[in-house]
Amino acid sequence: MSRPRPAVSVAPFDVERVRKDFPILARSVRGRPLIYLDNANSTQKPQAVIDAESGFYREHYANIHRGVYLLSQEATEAYDRARERVARFLNAGDPREIVFVRGTTEAMNLVASSWGRANLKPGDQVLISGMEHHSGIVPWQLACEASGAVLEVIPVTDDGELDLDAADRLIGDRTKIVSLIHISNALGTVNPVEEIVAMAKPRGIPVLLDGAQTISHRAVDVRALGCDFYCFSGHKLFGPTGIGVLWARESLLDAMPPYQGGGNMIHQVAFEKTTYAPLPFKFEAGTTNIAGTIGLAAAIDYVEGIGYDAIGTHERHLTARLADGLAAIPQVRVLGSPRERIGVFSVTIEGIHPHDAGTVLDLEGIAVRAGHHCTQPLMARFGVPATIRISLALYNNERECDALLQGVSKCVEVFRG
Amino acid sequence: MNELRDLYQEVILDHSKKPRNFRIPAAVTHEAHGRNPLCGDTFTVFVDVESGTIKDIGFQGHGCAISTASASMMTESLKGKSLEDGRSLFEWFHRLLTVPPEIGAPSGPLGKLAVFSGVREFPVRVKCATLAWHTLKAALDRDAKPVSTE
C-alpha cells in the first residue's frame, strides 16, 4: 500500500493540520465557526493532552509516593517523568529545581511569601515593573507589608517598553530582588530581560521572571537567561488548568522555608520538631495535581514536536498581518509599539467601550478579552480603564485574523455617529 | 446582524451617544456611586426626592453603551414617579433581563425600557444594564433621610 512520497517539499508548518489537533476548533458559537483569539488568557487543548490526562485516569491513577502497590508506583513514575520533562523543557540543571504548583500565580506567591519571609527586611527594595500582571504585584505588596520592604516600579515608556535607564538607576544597594514579566500579557512586549539580569547579577540580586506568556511562543532556557526564578502555567501552554511550574536555582530553594505545610512535604513529624522533605517535595504539600502534570508533559511534547522555530515563523506572519490591519483602521489605537513583540494586541476603538466591542465580536463567533487583563496599573499608565485584547496562538490562521479585522470594522460601523 | 440589532437597538445607541439627564440636579437629597469592577464602568446617580416623589434625577460617569443607555433611560422613566413606582419599575426591569418571557406575559409599566430585552441573551451584560439601577437603589436605601413613601 505504501507509495513513495511525492517529491514536492512539505511545508514546514501546516496550520490547517495543526488545527485538526484541537477538537474545540471544530465547534461553532452563535451559529458561526469559533475564532478563538483569547490565547493570552488561556489556550485550547490538543487531543494529545486530553488523551494523556484521561488515559492516566483510566489506566494508571493512584496517589503518588504512598503506595507499595503497582498502580501507585506507575503513577509516581509518570509524575517523576513529567518533572524530568519540564526540567528538559526549561533546560534546568536538575529536576529537583522544578516545583509543581497550581499556576504562575501560585508560583509568584510561593516565592514572595517564602523567599520574602527569609530575605526581606525593613527598607529593602523589591523592584517590579509597570507592566506586571496583578500576580506580579499583589504577592510582593503582601511581602512588603509583612517585612517593611518597599515596592518600587520600573516605569513603562509610551512605546510600551521598560525604561531601562530608569531600571539602571533603580537597581541599587537596597534592591533585594527584581521580579519581572518576561512578555507582557497586555501589550505583547518582549522585555529585554537579559539586560535586566546583567544589571542585577553583578550585585548578586536574584531575578524572577514571569514566563506565563512566553512558553507558548518561545523556547525558554533558564540557564541561558541567567535568571534565578522562572514560572509559568500549564493552561497557557495548551495544557491543563490547575498545574504550573516554579523553577528556581537549587541553592535558593534549599535556603527557602516551606510555603505550605502538610503531607508529602515532610521528612519526619513530631510535636516537638518537624523536618522537611528534600527538594522539590518540601514545596509540594498535600496531594498535587498529578493528572495535570501528565497533561502538562504531553503539552510540552506537543509543542516541541511542532517546534518553536515553526511556531515563531507562523505567528510572526500573523502578527504582522494583524498589526497592519489594525493600523489601517483609523478609529483603532493599539497600546504600545514595542520593538520586539508577540501576537498580543491591546486596542481601543474610538467611541466604543471594550465590552460593547467584545459583544459585537462574540456575535461574529470571535472570542477576545475585554477588560483590564489583570494589569490595572498599566491601563492607568495608558489612560484607559480597559481594552480589547486580541491574542494569537499557533493554531490561528489568516482567515481568522481577517475576520477579526472585519469584526473591528463592524464595531466602528455599528457605533458610528 | 439580527442578534446585534436586537441587542443594540436604535433607541439604545441613541441614548448611549446622547445620554439624557447627564448632569447633577440643582438639588440633591440622595446620591450613590456605583462601579462594575469587571470593566471599570462607574456611575454616580443623583436624586432629588420630595414628599416621596422623584422630583429630579441625573447621573455622571462613564460606561459601555448598554450601561450608559440604561442609566439615561432610567432617569427619563423615573422623573416625576413616586419612590414606590420606581421600586416596582426596577423589579419589572430586572425580570425583563433575567427571566425568559412567558407567552402573553404582560410587560407591565416598562414602556420604552422593554428595548433592553435583548440583553437577556448575554448574561455577562446584565450587570451593565442594571448598574445604574443598583446605584439608584443604594442611593435611596443608604441616605434614608426623612423620606416617606407612605
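Note that the structure is a prediction, hence the values are computed from the model and not measured. (Residues numbered from 1 in each chain as written. Chains lettered and ligands numbered in written order. Predicted model: local features only at pLDDT ≥ 70, side-chain atom pairs only at ≥ 80, totals over all residues.)

Visitor: Explanation requested: the overall build of chain B in the structure shown.
Guide: Scanning chain B for helices and strands turns up five helices and three strands. Along chain B, from the amino end to the carboxyl end, the secondary structure elements read α-α-β-β-β-α-α-α. Relative to the 2.2 N^0.38 estimate, which gives 15 Å for 150 residues, the radius of gyration of chain B is 15 Å and therefore close to what a compact globule would have. Each principal axis of the C-alpha distribution contributes one length, and for chain B these read about 50 × 35 × 25 Å. A burial count over chain B gives 39% of its 150 residues as buried. Considering only residue pairs separated by 6 or more positions, chain B has 64% of its internal contacts joining residues 24 or more positions apart. (Helix = DSSP H or I, 4+ residues; strand = E, 2+ residues; numbered from the N terminus. Rg over C-alpha atoms; globule rule 2.2 N^0.38 Å. Buried ≥ 20, exposed ≤ 12 C-beta atoms within 10 Å, placed from the backbone. Contact = placed C-beta atoms within 7 Å.)

Visitor: Looking at this structure, I do not really get the pairing of strand β7 (residues 175-181) of chain A. What am I missing?
Guide: Side chains on a regular strand alternate between the two faces of the sheet. Residue and element names in this part refer to chain A. Burial runs high along β7: six of the seven residues are buried. Taken together, the three bridges between strand β5 (residues 125-129) and β7 define a ladder with parallel strand orientation. Of the residues in β7, the one forming a bridge with Leu 127 is Val 178. Two strands pair when backbone bridges link them, and β7 and strand β8 (residues 207-210) are joined in this way by four bridges, in the parallel orientation. Residue Ile 181 lies in a different strand from β8, and its bridge partner there is Asp 210. Handedness of the crossover joining β7 and β8 through helix α7 (residues 193-200): right-handed. (Pairing = 2+ DSSP bridges. Right-handed = clockwise from strand over helix to strand, strands pointing away.)

Visitor: Please clarify how the interface of chain B and chain A should be interpreted in this entry.
Guide: A common measure of how large an interface is: the accessible area buried when the components associate. At the junction of the two partners, chain B supplies 15 residues and chain A supplies 13 residues. Taken together, the elements giving at least two residues each to the side of chain B that touches chain A come down to α1 (2-7) and α2 (10-17) of chain B. Sort the elements by how many residues they give to the side of chain B that touches chain A and α1(B) lands first, with three residues. For the side of chain B that touches chain A, the residue count by class is ten nonpolar, two polar and three charged. (Nonpolar A, V, L, I, M, F, W, Y, C, P; charged D, E, K, R; others polar.)

Visitor: Explain unusual backbone geometry to me, please; I cannot follow it from the model alone.
Guide: Glycine aside, residues mostly have negative phi, and peptide bonds are mostly found in the trans state. Residue and element names in this part refer to chain A. Here the bond from Leu 279 into Pro 280 is cis, since omega is 0°, no more than 30 degrees from zero. Counting through the fold element by element, Pro 280 comes out in the loop between β12 (274-276) and α10 (290-306). The phi dihedral of Asn 264 falls on the positive side, at around 75°, and the residue is not glycine. Topologically, Asn 264 is positioned in the loop between α9 (250-255) and β11 (266-269).

Visitor: Any chance you could explain the environment of A:Pro280 here in plain terms?
Guide: Residues and elements named next belong to chain A. Look at Pro 280 and you get buried, because 21 C-beta atoms sit within 10 Å. C-alpha separation for the pair Pro 280 and Leu 170, spaced 110 residues apart in sequence, amounts to 33 Å. Non-local contacts of Pro 280, meaning those with residues more than four positions away in its chain, are made with Arg 96, Ile 98 and Val 99.

Visitor: Can you walk me through the pairing of β11(A) in this structure?
Guide: Residue and element names in this part refer to chain A. With three bridges connecting them, β11 and β12 associate as antiparallel partners. Each bridged residue has a counterpart across the sheet, and for Ile 266 the counterpart in β12 is Tyr 276. Linking β11 back to β12 in an antiparallel pair, the connection comprises four residues.

Visitor: Which parts of the structure should I look at to understand the domain arrangement of chain A?
Guide: All names here are of chain A. Once the domains are mapped, chain A shows domain 1 (15-39 + 307-415) and domain 2 (50-304). A separation of 28 Å is found between the C-alpha centroids of domain 1 and domain 2. With 24 residues of domain 1 at the interface, the matching set in domain 2 holds 21 residues. Breaking the side of domain 1 that touches domain 2 down by element, the ones donating at least two residues are α11 (308-327), β14 (344-349) and α13 (376-381). Per-element accounting of the side of domain 1 that touches domain 2 gives the leading share, four residues, to α11. Of the residues assigned to the side of domain 1 that touches domain 2, the class counts are eleven nonpolar, eight polar and five charged. (Domains from an automatic or database assignment.)

Visitor: I'm lost on the packing of helix α4 (residues 104-119) of chain A against helix α5 (residues 138-147) of chain A in this one. Help?
Guide: Geometry of a packed helix pair, given as the angle between the helix axes and the separation of the axes. Residue and element names in this part refer to chain A. Look at α4 against α5: their axes get within 9 Å of each other, and the N-to-C directions meet at 15°. As judged from the angle between their axes, α4 and α5 are roughly parallel. Of the two elements, α4 crosses α5, and the hand of that crossing is right-handed. Together, Met 108, Asn 109, Ala 112, Ser 113 and Gly 116 of α4 and Pro 139, Trp 140, Leu 142, Ala 143 and Ser 147 of α5 make up the contact between the two elements. The class makeup of the residues in the contact of α4 with α5 is six nonpolar, four polar and no charged. (Axes fitted to C-alpha atoms, helices over the stretch in contact; angles between N-to-C directions. Parallel < 35°, antiparallel > 145°, perpendicular 65-115°, else oblique. Left-handed = near helix turned anticlockwise from the far one by under 90°.)

Visitor: What is the right way to look at the sheet that holds strand β13 (residues 332-334) of chain A in this model?
Guide: Residue and element names in this part refer to chain A. In spatial order, the strands read β13-β14-β17-β16; together these four strands make up an open sheet with antiparallel pairing. Of all the strands in the sheet, just β13 and β16 (369-371) have a single pairing partner and so form its edges. Between one strand and the next, the sheet's axes are offset by a mean angle of 30°, whatever the strand orientation. Here four bridges tie β14 to strand β17 (residues 387-391), and the two strands are oriented antiparallel to one another. Paired with Val 347 across the bridge in β17 is Ile 388. Here α11 sits on the sheet and contacts β13, β14 and β17; the angle it forms with β14, its principal contact strand, is near 10°.

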